[in-house]
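Here's the letter readout for the chains.
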Amino acid sequence: MAPRRKKKLPETPVAATIESLSHDGRGIARLDGKTTFIDNALPGEEVMFKFTYRRRKFDEGRAVEILSSSPDRVTPPCEHAGLCGGCSLQHVAPSRQITRKQAVLEEQLAHFGGLTPERWLDPLTGPVTGYRAKARMGVKYVEGRGETLVGFREKRNSFIADLRQCEVLIPEVGHRFMEFRALIDGLEGRSRIPQIEVARGDGPVALIVRHMDPLSEADRQRLLTFCQQCDFHLYLQPGNESTVHRIWPEQGEERLYYRHENPRYPQADVELAFHPTDFTQVNSDINRQMVPLALDLLEIAPDHRVLDLFCGLGNFTVPAARRAAHVVGVEGSEAMVRRGYENARRNGLDNLEFHAWDLFQAPEGQSWAQQRYDRVLLDPPRSGALEMVRLMPQFGARRLVYVSCNPATLARDAGELVGRGYRLKAAGVMDMFPHTAHVESIAVFDRD
């Protein structure tokens, strides 16, 4: 049987009225009773769009002309906003972006949990360009063009976009795309380098170059010279993540670092070290606001015992130990547990402990799970913390703070907590990823 041929998409633009905005930042229109998701379109606008995909239940398209513009529309800060898939909301005023994110959180709490917080927290906001200090960029040497592309994928496909710069990355990286392209063009092994990863804390930028074949001595020297000129630390990755190693500078620890400083609690200042491949928050400005906010909302007393679940390298755990009698951090990765202890020693703290455990499984036989706590902090991945929230009553904590990167799973877990005797005391959003549809939020739960 011959494969079914894809139906050809209409070439002629079609008029549409945009009724609302989807959670991923696309305008929603209805044509002949069928829902159509349209990139680069905002509620209230009249647009001309071209179809990019047609399905049985819904269609997709992209606005090619704005007939009547929304007052929320702005000129994107990046010239590649229409092509690059890294951002979806650059055409929306930043103030409207954060308002929309709070509306998404409200909708999710009401829809999945049937909940409204007793109080809405003011949004955390910061710089909307030059904020991203950690990223993984694709690299592709295009033989037919005789040049290299470096950057992110195009919208809704797997091709690396033809980018000259990126306005959301830190300028040291985002404004050097053409230099990166020229660097890779000049390497003998250019066709075997698929990725460049960047990371920065409060100091230098680390550049991790993934290479699928051994580098020639000439290529090593070109990479080294480039990083020395840019004051980048250079790491090479010949295999999986465990093979990442630094070759410049030759001396000193293979760590970056960032500080948490809180004017209200100067005694709680800490410095956290991390390897460039470790998970860290990509927006350091928001992270600096988020950590003291979360700890303030916990209302930690000097005699409190605190449990930090999904603790990572100690982003909340270590500064919490400056305020509490004892802090326990639990994380699924043994490497992160080692990093947590490293950061405890770095800050001269001995009132905290770290444990490795898969927090999506019941913690049978785990000593930390058999203890009582005054406060609990959760910072799970997108899948949420359902297994852990079901255990909250046995921990005995009167207050929980939940940091979330997915409002749908936060809402689901909030419903579970309310069903176990907690009240949703407060909630709010944090603009961790400006110009994207990603919603970072924080919620506070109390138990009488």
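Residues numbered from 1 in each chain as written. Predicted model: local features only at pLDDT ≥ 70, side-chain atom pairs only at ≥ 80, totals over all residues. Heavy atoms only, no water.

## Here we look at the nonpolar core
Ranked by size, the top nonpolar core spans 82 residues in total, and within it M137, F152, F180 and V401 carry the most contacts. Looking at this core element by element, the count peaks at seven residues for helix 5 (residues 284–298). Not counting the four nearest positions on each side in its chain, M137 is found in contact with V150, G151, F152, L169, V173, F177, F180, P194, Q195, I196 and V198. Judged by nonpolar contacts, the second largest core, of 36 residues, contains V389, L410, A427 and A443. (Core = buried A, V, L, I, M, F, W, Y, C linked by side-chain atoms within 4.5 Å. Buried < 20%, exposed > 50% of the residue type's maximum accessible area, 1.4 Å probe, protein only. Helix = DSSP H or I, 4+ residues; strand = E, 2+ residues; numbered from the N terminus. Contact = heavy atoms within 4.5 Å.)

## Observations regarding the pairing of strand 12 (residues 232–237)
Among the six residues that make up strand 12, six are buried, leaving the element largely enclosed by the rest of the structure. For strand 11 (residues 205–210) and strand 12, the ladder comprises six bridges, and the chain directions are parallel. Across the sheet, V205 pairs through a bridge with F232, a residue of strand 12. Regarding topology, helix 4 (residues 217–230) serves as the crossover connection from strand 11 to the parallel strand 12, and that connection is right-handed. Strand direction decides the pairing type here: strand 12 and strand 13 (residues 245–248), joined by three bridges, are antiparallel. (Pairing = 2+ DSSP bridges. Right-handed = clockwise from strand over helix to strand, strands pointing away.)

## So, the packing of helix 3 (residues 177–185) against helix 4
Taken N-terminus to C-terminus, the directions of helix 3 and helix 4 make an angle of 160°; their axes are 10 Å apart at the nearest point. With respect to helix 4, the axis of helix 3 lies roughly antiparallel. Every pair of crossing elements has a handedness; the one defined by helix 3 and helix 4 is right-handed. Taken together, the residues of helix 4 that come into contact with helix 3 (itself represented by E179, F180 and L183) are R222, L223, F226 and C230. Across the contact of helix 3 with helix 4, the residue classes tally to five nonpolar, no polar and two charged. (Axes fitted to C-alpha atoms, helices over the stretch in contact; angles between N-to-C directions. Parallel < 35°, antiparallel > 145°, perpendicular 65-115°, else oblique. Left-handed = near helix turned anticlockwise from the far one by under 90°. Nonpolar A, V, L, I, M, F, W, Y, C, P; charged D, E, K, R; others polar.)

## Quick notes on the UniProt feature "binding site: [4Fe-4S] cluster" (unreviewed entry) in the protein chain
Those residues carrying the UniProt feature "binding site: [4Fe-4S] cluster" (unreviewed entry) are C78, C84, C87 and C166 in this numbering. Spanning 89 residues, the named residues form one tight spatial group whose C-alpha atoms are at most 10.2 Å apart. If you trace the backbone, C166 turns up in the loop between strand 9 (147–151) and helix 2 (171–174). Residue classification places C166 among the buried positions, given a relative accessible area of 7%. Leaving out residues up to four positions away in the same chain, C166 has contacts with F152, G174, H175 and F177. (UniProt positions renumbered as here; feature names shortened; annotations may be inferred.)

## As for the sheet that holds strand 3 (residues 27–31)
Read across the open sheet, the six strands follow the order 1-5-6-4-3-2; overall the sheet is mixed. Each edge of the sheet is formed by a strand with only one pairing partner; in this case those strands are strand 1 (14–17) and strand 2 (20–21). Judged from the four bridges that link them, strand 1 and strand 5 (residues 46–54) form a sheet pairing that is antiparallel. Counted as the bridge partner of A16 is V47 from strand 5.

## Thoughts on the side chain of R26
Within the secondary structure, R26 sits in the loop between strand 2 and strand 3. Separated by 3.1 Å, the side chains of R26 and D24 make a polar contact. Of the polar contacts made by the side chain of R26, one reaches the side chain of E60; its length is 3.1 Å. The residues touching R26, leaving out its near neighbours within four places in the chain, are S20, L21, F37, I38, D39, A41, E60 and R156. (Polar contact = N/O pair within 3.5 Å; in protein donor to acceptor, adjacent residues only side chain to side chain.)

## Things to note about the pattern of salt bridges
Applying the stated criterion across every chain, the model contains 38 salt bridges. Put simply, E147 and R181 hold a salt bridge, and the shortest N to O gap is 3.6 Å. Placement of the pair is E147 in strand 9 and R181 in helix 3, with a sequence separation of 34 residues. Judged by relative accessible area, E147 falls into the partly exposed class, the value being 24%. A single salt-bridge network, built from bridges that share partners, covers E253, R259, E261, E271 and R346. (Salt bridge = Lys/Arg side-chain N within 4 Å of Asp/Glu carboxyl O.)

## Quick notes on the side chain of K101
By the secondary structure assignment, K101 is in helix 1 (residues 94–113). A relative accessible area of 3% means that K101 is categorised as buried. With near-sequence residues (within four places) excluded, K101 lies in contact with V429, D431, F433, P434, T436, A437, H438 and V439.

## What to know about the layout of surface pockets
Its boundaries defined by the atoms lining it, the largest pocket holds a volume of some 940 Å³. Lining the largest pocket are 37 residues, with D278, F279, T280, Q281 and P381 sitting closest to its centre. Those elements that provide at least two residues to the lining of the largest pocket are strand 8 (134–142) and helix 7 (334–346). In the lining of the largest pocket, the residues fall into 17 nonpolar, eight polar and 12 charged. (1 Å grid on protein atoms, 1.4 Å probe; cavity = no way out; pocket = protein on both sides within 12 Å on 5 of 7 lines; lining within 4 Å. Points joined across faces, edges and corners; volume = space filled by probe spheres on them.)

## What to know about the packing of helix 1 against helix 10 (residues 407–419)
Viewed as axis vectors pointing N to C, helix 1 and helix 10 meet at an angle of 40°, and their least axial separation amounts to 8 Å. By the criterion of interaxial angle, the relationship of helix 1 to helix 10 is oblique. Remark: the crossing between helix 1 and helix 10 carries right-handed chirality. Contacts from V104, L105, Q108, L109, F112 and G113 in helix 1 reach P407, A408, L410, A411, R412, A414 and G415 in helix 10. Its residues assigned to classes, the contact of helix 1 with helix 10 shows nine nonpolar, three polar and one charged.

## A word on the sheet that holds strand 19 (residues 375–378)
Taking strand neighbours across the sheet as the criterion, the eight strands line up as 7-21-22-20-19-16-17-18 in an open arrangement whose pairing is mixed. The open sheet is flanked by strand 7 (119–120) and strand 18 (352–356), the only strands paired with a single partner. Both strand 19 and strand 20 (residues 399–404) contribute to a ladder of four bridges, which runs parallel. Directly across from R375, in strand 20, lies its bridge partner R399. Strands in contact with helix 1 are strand 7, strand 21 (422–430) and strand 22 (440–447); relative to strand 21, the strand with the most contacts, it is inclined by about 155°.

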